[in-house]
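# Report on the structure
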Amino acid sequence: MDILYFSPGSASFGVHWMLLDAGHAPELRRVDLGAGQQRSAEYLALNPAGVVPTMIVDGQAFAESGALMLMLADRYPEAGFLPPTGTAARGLAYQWMLQLVNALQPPFRHWFYPHEAAGESAAAEAKQVAGQRIGQMFDRIDAHLAAHGPYLLGDRISAPDFMLAMLCRWSRNMPKPATEWPALKRFIDLMRARPSFVTTCDREGLEEWRQ
Ligand SMILES: N[C@@H](CCC(=O)N[C@@H](CS)C(=O)NCC(=O)O)C(=O)O
């Protein structure tokens, strides 16, 4: 059984969710981010970046939520998380995963950790810019989903959809959450309707954003 080091609702959420969706519940080990457990020597030995998630497979530690999601698609092909190797659709799945990880996840990091960009004195400005970048990405993704949805690859779900839904969830307390973009809202409702989403929330003790 895989072991997942997690913190409720954090970047580990999508990995946990995909595992459950594929029918492979991991053993969960909670990392108390507030208490700084991610910076303990024991945890840094598993994940030198000091962040969650970390997934242990056959005794080996793996990190980076987007990479873990792609890895799960490889490990559980029967779940159909990626189109067949070598197809254009698979290329688009990689494109979306990397775009989400490179262009949408970082501004969320700056929204939640605004001092990291340029220190405490510039935290308010950093947060404002991060909010704008997130809104611009939601504009672009909403237009794509409106034209080509309901999922990122059209009518089939794939790994980057789990990443997108996780990131949308992070916006729930922002001035303009993802649910205010119509095509994103339709996508989010489809993703939240999956029984695996409810189970993930139950296992992580999350009440917000269930519908
Ligand atoms: N790119 C990494 C980002 C991981 C990340 O930033 N995780 C946050 C929680 S969402 C974390 O562990 N924060 C604790 C810290 O930075 O001290 C991934 O997707 O795995």
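Residues numbered from 1 in each chain as written. Predicted model: local features only at pLDDT ≥ 70, side-chain atom pairs only at ≥ 80, totals over all residues. Heavy atoms only, no water.

### A few points about the pairing of strand β3 (residues 54–57)
Of the two faces of β3, the one holding T54 and I56 and the one holding M55 and V57 are both buried throughout. Here strand β1 (residues 3–6) runs beside β3; their pairing, made up of three bridges, is antiparallel. Looking at the pairing, L4 lines up with M55 of β3. Connecting β3 to the next strand, strand β4 (residues 60–63), in antiparallel fashion are two residues, including D58 with a positive phi near 50°. (Buried < 20%, exposed > 50% of the residue type's maximum accessible area, 1.4 Å probe, protein only. Helix = DSSP H or I, 4+ residues; strand = E, 2+ residues; numbered from the N terminus. Pairing = 2+ DSSP bridges.)

### Observations concerning the domain arrangement of the protein chain
When the domains of the protein chain are assigned, the result is domain 1 (3–80 + 198–204) and domain 2 (88–194). Computed from C-alpha atoms alone, the centre-to-centre distance between domain 1 and domain 2 is 20 Å. Taken residue by residue, the interface counts 16 residues in domain 1 and 18 residues in domain 2. Of the roughly 1400 Å² buried between domain 1 and domain 2 on both sides combined, carbon and sulfur atoms contribute 65%. The three residues of domain 1 that bury the most area against domain 2 are W17, M69 and L70, which together make up 34% of that side's buried surface. Joining domain 1 to domain 2, the criterion identifies two salt bridges. The shortest N-O distance in the salt bridge between R194 and D21 comes to 2.9 Å. At the junction of domain 1 and domain 2, the tally comes to four residue pairs in polar contact (both at pLDDT 80 or more). Mapped by element, the contributors of at least two residues to the side of domain 1 that touches domain 2 are α1 (13–21) and α3 (65–75). When grouped by side-chain class, the residues that make up the side of domain 1 that touches domain 2 number eight nonpolar, six polar and two charged. (Domains from an automatic or database assignment. Contact = heavy atoms within 4.5 Å. Buried area = accessible area lost by both parts, 1.4 Å probe. Salt bridge = Lys/Arg side-chain N within 4 Å of Asp/Glu carboxyl O. Polar contact = N/O pair within 3.5 Å; in protein donor to acceptor, adjacent residues only side chain to side chain. Nonpolar A, V, L, I, M, F, W, Y, C, P; charged D, E, K, R; others polar.)

### Brief notes about the pairing of β4
By the bridge criterion, four bridges tie β3 to β4 in an arrangement that is antiparallel. Considered in β4, the bridge of I56 is made with A61.

### Topic: unusual backbone geometry
Leaving glycine out, the prevailing phi sign among residues is negative, and the prevailing peptide bond configuration is trans. Residue P53 follows V52 across a cis peptide bond; omega there is 10°. Tracing the chain through its elements places P53 in the loop between α2 (41–46) and β3. Between G149 and the following residue, P150, the backbone shows a cis peptide bond with an omega angle of 15°. Of note, the phi angle at E64 is positive, near 80°, even though the residue is not glycine. With respect to the secondary-structure elements, E64 resides in the loop between β4 and α3. Using a relative accessible area of 47% as the deciding quantity, one classes E64 as partly exposed. In the Ramachandran plot, W209 falls in the positive-phi region, its phi being about 70° despite a non-glycine side chain. With respect to the element layout, W209 can be found in the segment after α9 (195–204). Note on W209: relative accessible area 12%, which makes it buried.

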